[in-house]
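The lines below spell out each chain.
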Amino acid sequence: MESIVKSLDSAEQNADATASTAIPSGRSGGTAATAARPSWGRRARQEAPRFGMVGLLVLLITIFCILRPVSFANSANFRTILVESAVLTILALAVMIPLIANDFDLSVASVLGFASILAAGLPAKQGLSVPLTILVVIGVGLLVGAVHALLIVRADLPSVVVTLGSSTFLGGLVLWYTGGSVLYEGVPQSLKDLGSTSFLGLPLPVYYMVVVAAVLWFVLERRPWGRYLYAVGSSENAARLAGVNTARMRASALIACSALAALAGLILTARVGSGNPSISNAYFLPAFAAAFLSLAAFRLGFFNPLGVVLSVYLLAVGVNGLTLLGVPSWVEPVFNGTALVVAIGLARLSVGKSRKLVTGV
């Protein structure tokens, strides 16, 4: 495996060397070193698409601050946006992982909902301690991911069909376990403290989100597992010929996805102090929209954790600002649905942009 990493590094270095020695067209005269070094303006134009969504977020914040200077532009509102979107960010990061390997997990919102119900019900109904409840909830997420891996990778069934089926199955289990009622009685205070305790003015869920995003960024960008996963997504056959265990990579991505979704459900229950059997409906579209929007941020054409975080808060700022402007309640699902379609369109454009950035033309 280490030889594969070295070969990938060597290929990247050769590509960088080729790009750095290419002489821009339309120029003449000067030394080769001067010609090989692109001007500041050209570098800025090349890098600008990577940070376009950052500019869009700043623009949205500026517009809403002007339109609603009292209700939007205050620390309490920004704190609310940070806290309310922490669970969604973790779920969107879960969605991203199998997408890197070209697998879809449509059950993430249902896994979140099922985990949230278990986190509320196991201590209240079955009398489990909080540490044991946490272990069971995460274990259930791992089990769901293992079943997905078995059916999708081993049995070679379509990931969309398998995860859609498991999503329906988990939804039925939630209704059976709760009877359609919200679980709020008997939820231990120690569990609620995990979601309501503040540190430096921010509740703990924000820090959970930051840790998850940082770990994923490190693993995907700096460790062989991330390189192999991106290689599988680019070309599974080529990755297999290069010695990558593609089946293991896809399986690990599916398991990690479900485990993170279960963690998001656990954090959700800790934050709100209850388990709602219909809560998953509010998370599905925004999570997928944010995951696809990440293709148009930072690493164009590639799903990436920093892009997911930025996308979630871009959507959150948009919904929050529109709400404060007094738009009807139906605007939020329309906004999220439109964002998903736009995200897929930007994803196609981003692939072309990323190739231009690499070739320097």
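First, a word on what this report is: a plain description of the structure on this page. (Residues numbered from 1 in each chain as written. Predicted model: local features only at pLDDT ≥ 70, side-chain atom pairs only at ≥ 80, totals over all residues. Heavy atoms only, no water.)

## Here's the deal with the layout of surface pockets
We count it as follows: A cavity here means a set of 1 Å grid points, computed over protein atoms only, where a 1.4 Å probe fits but cannot escape. A pocket is an open set with protein on both sides within 12 Å along at least 5 of 7 lines, and lining residues have an atom within 4 Å of a point. Grid points are joined across faces, edges and corners, and a volume is the space filled by probe spheres set on the points. Going along the chain from the N terminus, every DSSP run of H or I of four or more residues is numbered as a helix, and every run of E of two or more is numbered as a strand. Residues are sorted three ways: Asp, Glu, Lys and Arg are charged, Ala, Val, Leu, Ile, Met, Phe, Trp, Tyr, Cys and Pro are nonpolar, and all the rest, Gly among them, are polar.
If you add up the space inside the second largest pocket, you get close to 410 Å³. Around the second largest pocket, the lining is made up of 16 residues, and of these E84, S85, L88, V319 and E332 lie nearest the centre. At the level of secondary structure, the elements contributing two or more residues to the lining of the second largest pocket comprise α5 (75–84), α16 (305–324) and α17 (331–359). Of the residues forming the lining of the second largest pocket, the biggest block, four residues, is contributed by α16. Among the residues making up the lining of the second largest pocket, the classes are represented as nine nonpolar, four polar and three charged.

## Some thoughts on unusual backbone geometry
Even without glycine at this site, D156 takes up a positive phi of about 60°. Inspection of the secondary structure assignment puts D156 in the loop between α8 (130–154) and α9 (159–178).

## Structural notes on the side chain of D105
To be explicit about the condition: Relative accessible area decides the class of each residue, using a 1.4 Å probe on protein chains only: under 20% of the type maximum gives buried, over 50% gives exposed, and in between gives partly exposed. In this tally, Asp and Glu contribute negative charge and Lys and Arg positive charge; neither His nor the terminal groups of the chain are included. The salt bridge criterion pairs a side-chain nitrogen of Lys or Arg with a carboxyl oxygen of Asp or Glu, the two atoms within 4 Å. Polar contact is the term for a pair of N or O atoms within 3.5 Å; when the atoms are in protein, one must be able to donate a hydrogen and the other to accept it, and sequence-neighboring residues count only if both atoms are side-chain atoms. The contact rule is simple, with two residues in contact once any of their heavy atoms fall within 4.5 Å.
Residue placement: D105 occurs in the loop between α6 (86–100) and α7 (108–125). An unpaired buried charge is present at D105: no salt bridge exists, and R250, the closest side chain of opposite charge, is 12 Å distant. At 2.5 Å, the side chain of D105 and the side chain of S107 are in polar contact. Ignoring sequence-local partners within four residues, the contact set of D105 consists of P98, H148, T163, C257, S258 and F288.

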